[in-house]
Amino acid sequence: MARHHVEIRTEGTRGQVLIDGHDIAKAVTNLSFTAGIDQQCPTLRLDLQLIDVTELGSVEADVVLGNGVAEALQVLGWTPPKDAEG
């Protein structure tokens with residue numbers, strides 16, 4: 001599993017979730033951070049608002065990632081398909 005530099009900042013009701021310097025907070029719906037004495041590296045679990053189906057047909061559908069999700073996934077190492085519009 002890839003390791004990343006993580007910063008979590010909050011100010012009132014606003015926050016930032018920085019992964020390797022990129023703020024992915026727009027895509028995060030929930031997070032949990034765990035660290036233990038016997039744990040080699042802390043773990044950050046992110047829940048992302050991934051899919052917003054904007055059009056649906058009987059054979060195929062347009063699938064749109066939620067606001068900020070593509071950027072969040074790219075920060076974590078995902079490469080979008082070559083034919084993806086953006």
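Check the entry above for the structure.
Residues numbered from 1 in each chain as written. Predicted model: local features only at pLDDT ≥ 70, side-chain atom pairs only at ≥ 80, totals over all residues. Heavy atoms only, no water.

Novice: Can you help me understand the overall build of the chain in this one?
Specialist: Each helix and strand in the chain was counted, giving one helix and seven strands. In sequence order, the secondary structure elements of the chain are arranged as β-β-β-β-β-β-β-α. Residues classed as buried in the chain amount to 14% of the 86 residues present. By sequence separation, contacts in the chain at least 24 residues apart represent 24% of the contacts at least 6 residues apart. A total accessible area of about 7000 Å² is found for the chain, and carbon and sulfur atoms account for 50% of it. (Helix = DSSP H or I, 4+ residues; strand = E, 2+ residues; numbered from the N terminus. Buried < 20%, exposed > 50% of the residue type's maximum accessible area, 1.4 Å probe, protein only. Contact = heavy atoms within 4.5 Å. Areas by Shrake-Rupley, 256 points an atom, 1.4 Å probe, with all protein chains shown as cover.)

Novice: What am I meant to see in unusual backbone geometry here?
Specialist: As a rule of thumb, non-glycine residues mostly have phi less than zero, and peptide bonds are mostly trans rather than cis. If you check the backbone angles, D20 has positive phi at about 50° while not being a glycine. A relative accessible area of 37% means that D20 is categorised as partly exposed.

Novice: What is the right way to look at the pattern of salt bridges in this model?
Specialist: Opposite charge on two side chains permits pairing when their charged atoms draw close. Taken as a whole and assessed by the stated rule, the structure comprises two salt bridges. A salt bridge links R9 to E7; the shortest N-O distance between them is 2.6 Å. Given a relative accessible area of 41%, R9 falls into the partly exposed group. Between R45 and D47 there is a salt bridge whose closest N-O contact spans 3.5 Å. Among the residues examined, D47 registers a relative accessible area of 25% and is labelled partly exposed. (Salt bridge = Lys/Arg side-chain N within 4 Å of Asp/Glu carboxyl O.)

Novice: What exactly am I supposed to notice about the nonpolar core here?
Specialist: In globular proteins that are soluble, nonpolar side chains generally tend to be buried together. V17, I19, I24, A27, V28, L46, V69, A72 and V75 form the largest nonpolar core, which has nine residues in total. Breaking this core down by element, the ones donating at least two residues are β2 (14–19) and α1 (69–75). No other element matches α1, which puts three residues into this core. Ignoring any residue separated from it by four or fewer positions in sequence, one finds I19 in contact with H4, H5, V6, I24, L44, V75 and L76. (Core = buried A, V, L, I, M, F, W, Y, C linked by side-chain atoms within 4.5 Å.)

Novice: What should I look at first to understand a nonpolar patch on the surface in this one?
Specialist: Together, V6, I8 and F33 give the surface a local cluster of nonpolar side chains, amounting to about 250 Å² of exposed area. Note on placement: I8 falls in strand β1 (residues 6–11). Judged by its relative accessible area of 40%, I8 falls in the partly exposed class. (Patch = residues over 30% accessible without salt bridge, like charges linked within 9 Å, V, L, I, M, F, W, Y side chains within 5 Å.)

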